[in-house]
Amino acid sequence: MSRIHLAAAGISLAAMLFGMESACAQATTEVVVKGALRPRPVDVPPPIDVFVKRPRIEQVALSQDGSQIAFVTWVESYRALITYRVADKSNRVVKLNPGTVSAVSWADDDHVLISTTRTGLRGTCEGVVQSSRDAATSHINRPETDTTKEGGAAEAMAQLSLMESLKTPGCVYYGIRAQTAVTSVNVSERAGTDLGARLSEYANLALGTPEPVMVDGKVQLIGPYLELRQQSMGGQPTQRVYLWRSDPQTGLGKLVDDGGGDLDREHRYVDDWLLDRQGNIIARSVYNFTREQFTLERKVDGKWKPALTRKIETRATAFAPFMAGLGRDGQSIVIFDAEPGTSGADRRFHYYELAADGKLSAPLEPGDATRDRPIFNPETGRLAGFVQTGEAPEYSLTDPLMRELYRKAQDAAPGQAVTVVSTARDPHRMIIFAQGGEEPGAYHFIDFTTGKTLEIGDIHPEIPSEWVASQKSVSYTASDGLEIGALLTLPPKPEPKHLPLIVLPHDGPQAHDSRGFDWLAQVLASRGYLVLQPNYRGSDGVGPAFMAAGKGQWGRRMQSDLADGVRYLVGQGLADPARVCIIGNGYGGYAALESATMPETWRCAASLGGISDIGDYVNWVKSKRSVPDPDQIASLTADPVWPRAFSPDPGSVSIITGYVGDPSGWSALSPCNQVADIKAPVLLVHQADDRSVPVRQSKAMRDALQAAGKAVTYTELPGSDHELTTEESRLATAEAVLKFLQTYNPAN
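From a predicted model like this one, the values you see are computed outputs, not experimental measurements.

*Asks:* Which parts of the structure should I look at to understand the packing of aromatic side chains?
*Replies:* Centre distance and the angle of the planes are the two values used to describe a pair of aromatic rings. Under the criterion given, the structure shown has 19 aromatic pairs. Aromatic side chains F740 and Y744 sit 5.1 Å apart centroid to centroid with 50 degrees between the ring planes, which places their arrangement in the tilted category. With F740 and Y744 both in helix α15 (residues 727-744), this residue pair falls four residues apart, about one helical turn. Relative accessible area serves as the criterion here: at 5%, F740 is assigned to the buried category. The exposure class of Y744 is partly exposed, given its relative accessible area of 29%. Its guanidinium or amino end placed over the ring of W74, R54 lies 3.6 Å from that ring's centre, counting from NZ or CZ.

*Asks:* Is there a simple way to think about the side chain of S102 in this case?
*Replies:* Structurally, S102 can be placed in the loop between β5 (91-95) and β6 (103-108). Apart from residues lying up to four places away in sequence, S102 is in contact with Q59, S115, T116, T117, P640 and V641.

*Asks:* For this particular structure, what's the right way to read the pairing of strand β31 (residues 499-503)?
*Replies:* Remark: a regular strand shows side chains that alternate across the two faces of the sheet. A large share of β31 lies buried, amounting to five of its five residues. Following the backbone out of β31, through helix α7 (residues 519-526) and into the adjacent parallel strand β32 (residues 530-535), one traces a crossover that is right-handed.

*Asks:* When you look at the sheet that holds strand β2 (residues 57-62) in this model, what are you seeing that I'm missing?
*Replies:* Each strand in a sheet pairs with its neighbour through backbone hydrogen bonds, running either in the same direction (parallel) or in the opposite one (antiparallel). Strand order across the open sheet formed by four strands is β2-β3-β4-β5, with antiparallel pairing between neighbours. Among the strands making up the open sheet, the edge pair consists of β2 and β5. Neighbouring strand axes in the sheet, compared pairwise and without regard to direction, differ in orientation by 20 degrees on average. Of the strand pairs in this sheet, β2 and strand β3 (residues 68-75) are connected by five bridges, and their pairing is antiparallel. Counted as the bridge partner of Q59 is V72 from β3.

*Asks:* Could you clarify how one ought to interpret the nonpolar core in this entry?
*Replies:* The tendency in soluble globular proteins is for nonpolar side chains to be buried side by side. Core analysis: the biggest nonpolar cluster contains 56 residues, and L501, L530 and W554 have the highest contact counts within it. Once you skip the residues sitting within four places of it in the chain, L501 turns out to touch L530, V531, L532, V566, L569, A575, R579, V580, C581 and N745.

*Asks:* Sorry if this is basic, but what is going on with the sheet that holds strand β23 (residues 383-388) here?
*Replies:* Taken together, the three strands give an open sheet; going across it, the order is β22-β23-β24, and neighbouring strands pair in antiparallel fashion. Edge positions in the open sheet fall to β22 (372-376) and β24 (394-397), since each of these has one partner strand only. Ignoring which end each strand starts from, the neighbouring axes of this sheet average 25 degrees apart. Sheet analysis places β23 next to β24, joined by four bridges and oriented antiparallel. Bridging from a neighbouring strand, G385 pairs with L397 of β24. Of the strands in this sheet, β22, β23 and β24 touch helix α6 (residues 400-411), which is tilted by about 160 degrees from β24.

*Asks:* I keep staring at the environment of G367 and nothing clicks. Help me out?
*Replies:* Counting through the fold element by element, G367 comes out in the loop between β21 (349-354) and β22. Discounting residues that sit within four places of it in the chain, G367 has contacts with H350, D372 and P544.

*Asks:* Would you mind showing me how to read the confidence of the model for the chain here?
*Replies:* Averaged over every residue, the pLDDT of the chain is 86; the share at 70 or more is 86%. Long-range and interchain partners of residues 1-29, a stretch whose pLDDT sits below 50, account for 64 contacts in this model, where long-range means more than four residues apart. Long-range and interchain partners of residues 34-41, a stretch whose pLDDT sits below 50, account for 20 contacts in this model, where long-range means more than four residues apart.

*Asks:* I keep staring at the packing of α7 against α15 and nothing clicks. Help me out?
*Replies:* It is the contact of α7 with α15, at a shortest axis distance of 11 Å, that shows an interaxial angle of 40 degrees. As summarised for this structure, α7 and α15 are arranged oblique, according to the angle between their axes. Here the hand of the crossing between α7 and α15 comes out right-handed. Residues W519, V523 and L524 of α7 pack against R730, T733, A734, V737, L738 and L741 of α15. Class assignment for the residues of the contact of α7 with α15 results in seven nonpolar, one polar and one charged.

*Asks:* Help me understand the side chain of R579 in this model?
*Replies:* When you line up the elements, R579 lands in strand β33 (residues 575-585). A distance of 3.1 Å separates a polar atom in the side chain of R579 from the backbone oxygen of H498. Those residues within four positions of R579 in sequence are excluded, and the remaining contacts are H498, L499, P500, L501, R603, N745, P746, A747 and N748.

*Asks:* When you look at the state of the cysteines in this model, what are you seeing that I'm missing?
*Replies:* As used here, a disulfide is simply a covalent bond connecting the sulfur atoms of two cysteines. Applying the stated criterion to the full structure yields one disulfide. With its sulfur 1.8 Å from that of its partner, C581 forms a disulfide with C604. Sign of the S-S torsion, about 110 degrees for the bond between C581 and C604, identifies this disulfide as right-handed. Separated by 23 residues along the polypeptide, C581 in strand β33 and C604 in strand β34 (residues 604-608) bring together distant segments of the chain. Overall, C604 belongs to the buried group, its relative accessible area being 0%.

The rules we used
- Residues numbered from 1 in each chain as written.
- Predicted model: local features only at pLDDT ≥ 70, side-chain atom pairs only at ≥ 80, totals over all residues.
- Heavy atoms only, no water.
- Phe/Tyr/Trp six-rings, centres within 6.5 Å; stacked < 30°, edge-to-face > 60°.
- Helix = DSSP H or I, 4+ residues; strand = E, 2+ residues; numbered from the N terminus.
- Buried < 20%, exposed > 50% of the residue type's maximum accessible area, 1.4 Å probe, protein only.
- Lys NZ or Arg CZ within 6 Å of the ring centre and 35° of its normal.
- Contact = heavy atoms within 4.5 Å.
- Right-handed = clockwise from strand over helix to strand, strands pointing away.
- Pairing = 2+ DSSP bridges.
- Axes fitted to C-alpha atoms, helices over the stretch in contact; angles between N-to-C directions.
- Core = buried A, V, L, I, M, F, W, Y, C linked by side-chain atoms within 4.5 Å.
- pLDDT = per-residue confidence, 0-100.
- Parallel < 35°, antiparallel > 145°, perpendicular 65-115°, else oblique.
- Left-handed = near helix turned anticlockwise from the far one by under 90°.
- Nonpolar A, V, L, I, M, F, W, Y, C, P; charged D, E, K, R; others polar.
- Polar contact = N/O pair within 3.5 Å; in protein donor to acceptor, adjacent residues only side chain to side chain.
- Disulfide = S-S within 2.5 Å.

Here it is as structure tokens:
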């Protein structure tokens, strides 16, 4: 059960929000998903497997009227979609296929949309069609195909001569976008329809999740679809995008007339539309083949007029603006665009407002558009502000109502990181997720109008409450004066004084650790270890300047930031300087291997899917990239959770090399070439199916250490990925780590 509460016993979440006595008397709290009864061991920690279980709840969405909740959960051995009606407490259950679910949303009272998103290149090339085909898959009623396959875009240039023989206009790329397989699930009939499968004689793939709008008293789904046509026709490219309106039950639909028709498409390629909350077309994106020109057009007096124009030549690497939503005044358009004068690995992105007269505003978001997410008022569709992702969500809202409601949501769980997950059309009804402190995380429904709250459920109900390690934020000064933020996890037992310390540097390196449940940190803390997770220089979520401070500092200042954190905790009397080890995944694994050469600080080191040879790793990443490399356009990937938003691409070569610096120094920075200097014992754990760091990186390191007579333990996990997404892989990793620590850095 969730443990959100006031200090005074018996006060509900509603009481916290609406006042003490009145709320206790009037508001009610219900529970949708109840956790298992929690045993209360006195001295013996719970078994490791309770810490590595998958989250009980994965995705949550509130219906537009706020009357129903949909969430993905696990029922016995299978994953299920559950809908819950707040008024009568009824629920419906639909069994889902295995596979990735990026997001859930409501179409109407009986239909829930389940989406799986991947990133596709934005442009007119035939290869984009091929790369998209694998993503069209159903979440129920038939086995799910592999939506993570590489390829497709790599074939585009090889097929260019074929395209030209079909008189296809020139192949051009000008950005990236989300390509989404969407299944509309009728939760009453427990049946699903793949959206796009029945729109025409060709398969169609949604470009983002279609929006529900009311048409003639019935909900319809409107959005752009990529037509997977095999051959060019009528002087148009093989790939075409059309705006469709479809029925959530049947998947049947009709083309939406944007006022242009097919004649309007001669020598022009329309690939996106922006709609208001009623489904009216506000703007569209057009690429002109003959002029090599991209234009954002607005409708004025029933006719399309250019609002912003940009030159984009064939095979160029220009970035075309992407429409995100309505501006604050309801007339302007919020666009995602590259900052003028920036390019390549240094290209930066911002959100801007494009006024009706074509004028662009200054950047809107407080920091970086690849990390700050726009929030729109669900009732008006206008920009309400931004949320900055970091150690905890920070909301910067200009809409007065939204600002007040989000403030109340955060006040509901003092000391925790609160995320507003979903709102109804009337934002007074919302779902929040609260985590951090001593809470593994729980979802709650709140109705700010009535004071009703409803506990949807904990994500880790199996863990006894007294064995959830507490987490707090700390900061320390690096050796060069830079302030470093970090998360510190304190073991439930014993008292935090002169404890054995484990440092867990995050993967990335362009990423960050956030407040909330970390399964490995919790495992280690339950066994008596103090755990430090530094957001070393180069981490995002703090601001562009801090991230830029990591450029060229891979294995250098980024490394010393970790040792500075150890010295800080030793100085505070919390850590025993003679019992310090480092464990990391990916880049964190590299940092662990590099630390093994410094026995004065580190007693042992464990690399989980880590990098040992920088040059080999970069070459491997390059070999997996498509042609053209998306880095040439933007080092971004579509954000599956936030519509029309983007994040840094973790597989970007330009991002990686920006941190590593001059290639001439890569060999000296690679742990596989420093084996003679390694003094601390090393654990290597690698996932056989790792698609982010090849297993050969750990095998080569193992062989080099063994040849040099160094202490090394090697464990390979079959059928596992880089992120250790399965319970089996996390359990095997935890067991290997604890066995290694018991040998080289025991907690007692």
